[in-house]
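# Survey of secondary and tertiary structure
Each chain, letter by letter, is given below.
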Amino acid sequence: MPEESIENINFDELNKNAISQPLISNIYTADPSAHVFNGKIYIYPSHDVDAGEAFDDLGSHFAMEDYHVISMDSIDSEAVDNGVALHVDDVAWAKEQMWAPDANEKDGTYYLFFPAKAHDGIFRIGVATSNSPIGPFKAQPEAIKGSFSIDPAVFKDDDGSYYMYFGGLWGGQLQRWRDGEYNASQPDSPTAFIPEEHEAALLPYVAKMTDDLLEFEEKPKAIEIIDENGDLLLAGDNDRRFFEAAWLHKYKDKYYFSYSTGDTHFICYGIGDNPYGPFTYSGRILNPVVGWTSHHSICEVDGKWYLFYHDSSLSKGVTHLRSVKVAEIKYRADGTIETLDPYIL
Ligand code: FUB
């Protein structure tokens with residue numbers, strides 16, 4: 001929901017009518033990546049703080065420094081904040097801006113995947129490991145070779161392969177990689193190098209992970225999001241094209257690639273037949289929440305499917321002080337997902 005509408009919001013009324021309440025309120029959390037490990041729910045969010053940075057379109061106000069893991073015994077039970085799991089000071093290659101993370105498990109080791117700005121100001125994606133899903137995590141000395149941009153999401157397919165989905169526009173720098181190398185010119189412009197409205201929209205990326213989950217096994221490939229005619233979505237198709245917050249889940253043998261449209265504030269999805277796509281645009285999962293950003297994950301818990309998402313209702317609309325929430329989603333018989341309204345007004 002755009003910032004300019006916030007002054008007109010009656011937050012008491014809105015919070016009363018929200019489809020869910022913040023899972024925790026002792027700290028601000030955002031960008032929830034949820035997984036079930038050993039029968040318990042673990043949520044890997046960003047940890048929002050107010051570092052005093054002014055709002056800008058490069059996301060400078062998202063000045064996060066560490067990660068906490070939230071756990072829940074069941075979907076209705078109390079959510080527990082397990083404290084600091086990884087701090088930027090303990091990541092040799094990272095300087096600042098610990099943005100949306102994800103995690104996964106392999107052979108009893110837990111892997112935290114996270115983006116951060118390196119000392120040269122370029123976003124990279126790193127990995128940290130632990131023998132516990134709540135950490136503490138120990139970071140690899142260097143970022144993943146060939147990684148760039150933000151918002152990693154790591155999906156485990158049924159054959160045991162793991163794939164990382166990533167990318168984000170504006171402050172997430174994806175547009176600076178259009179020609180295969182980082183373009184450092186016009187450093188203060190979030191929209192430099194964004195395609196013209198009639199050109200194909202910028203695409204997110206996917207890469208299969210190596211067996212040890214510490215590197216990419218292949219050069220990242222662009223993920224095509226196409227319309228009902230098989231054409232790539234255009235950059236001017238602002239209500240449908242990719243912006244950030246990639247997620248991949250599988251439902252009844254189909255692959256669902258979901259994402260945020262950023263400045264139009266929708267969580268949308270496309271459906272495909274394999275982890276690389278193409279994904280055919282299929283609709284909206286979540287209408288705009290309070291706050292500029294929208295970000296999510298989708299996770300099956302005890303046979304039901306849930307959308308983990310965030311909004312800024314607890315902070316009364318402060319864009320960089322968000323709270324993680326959860327709501328059930330429903331699939332129609334044709335495999336499409338019913339759109340959720342975050343507030344019933
Ligand atoms: O939390 C910082 C950034 O805001 C994330 O990386 C984006 O997805 C957006 O939620």
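Look up a bit, the structure's there.
Starting from 1, residues in each chain are numbered consecutively following that chain's sequence as written. Where local features are concerned, this predicted model is filtered to residues with pLDDT of at least 70; where side-chain atom pairs are given and counted, the filter is 80 or more; whole-chain, interface and lining totals use all residues. Excluding hydrogens and water, the side-chain values take into account all heavy atoms of the structure.

### Section: the site of the ligand
Nearness here has a simple test: a residue counts as near a molecule or strand if at least one of its heavy atoms is within 4 Å of that partner. Lining the immediate environment of the ligand, one finds 13 residues, of which D31, M64, D151, H295 and R322 sit closest. N or O atoms closer than or at 3.5 Å make up a polar contact, with two conditions inside protein: a donor-capable atom paired with an acceptor-capable one, and, for residues adjacent in sequence, both atoms drawn from side chains. Note that an oxygen atom of the ligand is positioned 2.7 Å from one of the side-chain N or O atoms of H295. In the environment of the ligand, an oxygen atom lies 2.7 Å from a nitrogen or oxygen atom belonging to the side chain of R322. Note that accessible areas follow from Shrake-Rupley with a 1.4 Å probe, and for residues the cover is restricted to the protein chains shown. For the ligand, the protein covers 99% of the area, taking 280 Å² as the surface of the free molecule. Classes in brief: Ala, Val, Leu, Ile, Met, Phe, Trp, Tyr, Cys and Pro nonpolar; Asp, Glu, Lys and Arg charged; the others, Gly included, polar. Here the shell around the ligand is composed, by residue class, of five nonpolar, four polar and four charged.

### Concerning the packing of aromatic side chains
Between rings of Phe, Tyr and Trp, where Trp is taken as its six-membered ring, a pair exists when centres lie within 6.5 Å; planes separated by under 30 degrees are stacked, by over 60 edge-to-face, and by other angles tilted. Throughout the structure, instances matching the rule amount to 30 aromatic pairs. Between the aromatic rings of F62 and W99, the centroid separation amounts to 5.9 Å while the plane-to-plane angle is 85 degrees, which identifies the pairing as edge-to-face. Of this pair, F62 sits in the loop between β2 (40-48) and β3 (66-72) while W99 sits in the loop between β5 (94-96) and β6 (102-106), and the two are 37 residues apart along the sequence. Residue F62 shares its accessibility class with W99, and that shared class is buried. Seen from their ring centres, Y251 and Y256 are 6.0 Å apart, and the 85 degrees between their planes marks the pair as edge-to-face. Y256 carries the same exposure label as Y251, and that label is buried. Think of it this way: any DSSP run of H or I at least four residues long counts as a helix, any run of E at least two long counts as a strand, and we number them from the N terminus. For each residue, the accessible area found with a 1.4 Å probe, counting protein chains only, is set against the maximum for its type, and the residue is called buried under 20%, exposed over 50%, and partly exposed in between.

### Considerations on the pattern of salt bridges
A side chain with one charge may pair with a side chain of the opposite charge, provided their charged atoms come close. Just to be clear on terms, a salt bridge is a Lys or Arg side-chain nitrogen sitting within 4 Å of an Asp or Glu carboxyl oxygen. For the structure shown, the criterion picks out 16 salt bridges. The partner of D237 in a salt bridge is R240, with the nearest N and O atoms 2.9 Å apart. The residue K254 makes a salt bridge to D273 at a minimum N-O spacing of 2.6 Å. You can see K254 sitting in strand β16 (residues 254-260) and its partner D273 sitting in the loop between β17 (267-272) and β18 (279-286), a full 19 residues away along the chain. Salt bridges sharing common partners tie together D31, D48 and R322.

### Thoughts on the pairing of strand β11 (residues 162-166)
With respect to burial, β11 is a largely interior element, five of its five residues being buried. Where burial is concerned, the two faces of β11 agree: the one with Y162, M164 and F166 and the one with Y163 and Y165 are both buried. Strands are labelled as partners when DSSP assigns at least two bridges between them. Once strand β10 (residues 153-156) ends, the chain turns through five residues before running back antiparallel as β11, passing G160 with a positive phi of about 90 degrees. The pairing of β11 with strand β12 (residues 205-208) spans four bridges and is classified as antiparallel. The partner of F166 across the bridge, within β12, is Y205.

### Considerations on the sheet that holds strand β19 (residues 296-301)
Read from one edge to the other, the open sheet built from three strands follows the order β19-β20-β21, with strand pairing classed as antiparallel. Edge positions in the sheet fall to β19 and β21 (323-329), since each of these pairs with one other strand and no more. Within the sheet, the average angular offset between the axes of one strand and its neighbour, ignoring direction, is 30 degrees. As defined by bridge partners, strand β20 (residues 304-311) adjoins β21 across seven bridges and the pair is classed as antiparallel. Residue pairing in the sheet places Y306 in a bridge with E328 of β21. Geometry is summarised by axes, namely lines fitted to C-alpha atoms with helices restricted to the contacting stretch, and by angles between N-to-C directions that run from 0 to 180 degrees.

### A closer look at the sheet that holds strand β1 (residues 28-37)
Two orientations exist for strands paired in a sheet by backbone hydrogen bonds: parallel and antiparallel. Overall, antiparallel pairing links the four strands, which are arranged β1-β2-β3-β4 in an open sheet. A single partner strand is all that each edge strand has here, and the edge strands are β1 and β4 (80-87). Averaged over all adjacent pairs, the angle separating strand axes in this sheet is 25 degrees, with direction ignored. Bridge count for β1 against β2 is eight bridges, and the pairing is antiparallel. Across the sheet, the residue bridging to Y28 is D48, located in β2.

### Some words on the pairing of β1
Within a regular strand, side chains alternate between the sheet's two faces. Most of β1 is tucked away, with eight of its 10 residues classed as buried. The hairpin turn running from β1 into β2, its antiparallel successor, is two residues long, and N38 in that turn takes a positive phi close to 50 degrees.

### Considerations on the nonpolar core
In this text, buried Ala, Val, Leu, Ile, Met, Phe, Trp, Tyr and Cys residues form a nonpolar core when linked through side-chain atoms within 4.5 Å. Counting residues in each nonpolar core, the largest one holds 40 residues, and the members touching the most others are F113, M164, Y165, M209, F257 and Y259. Sorting the residues of this core by element identifies β7 (109-118), β8 (123-130), β10, β11, β12, β15 (244-251), β16 and β18 as the ones contributing at least two each. With five residues, β11 is the largest single contributor of residues to this core. In this structure M209 touches F113, I144, Y162, Y163, M164, E215, F216 and E217, once residues within four positions along its chain are discounted. Of all hydrophobic cores here, the second largest spans 27 residues; its members include F37, V69, A85 and F123. Whether two residues touch is decided by their heavy atoms; if any such pair falls within 4.5 Å, the residues are in contact.

### A few points about the side chain of H68
Looking at the secondary structure, you find H68 in strand β3. Within polar-contact distance, the side chain of H68 engages the side chain of D81 at 2.8 Å. When near neighbours in sequence (up to four residues on either side) are disregarded, H68 contacts I27, I43, P45, H47, D81, G83, V84 and A85.

### Some words on the environment of Q175
Relative to the elements of secondary structure, Q175 occurs in the loop between β11 and β12. Q175 gets classed as buried once you look at its relative accessible area, which sits at 1%. Considered as a pair, Q175 and T191 are 16 residues apart in the sequence and their alpha carbons are 7.9 Å apart. Sequence-distant contacts of Q175, that is, excluding residues within four places in its chain, are made with G168, L169, W170, P190, A192, F193, I194 and L202.

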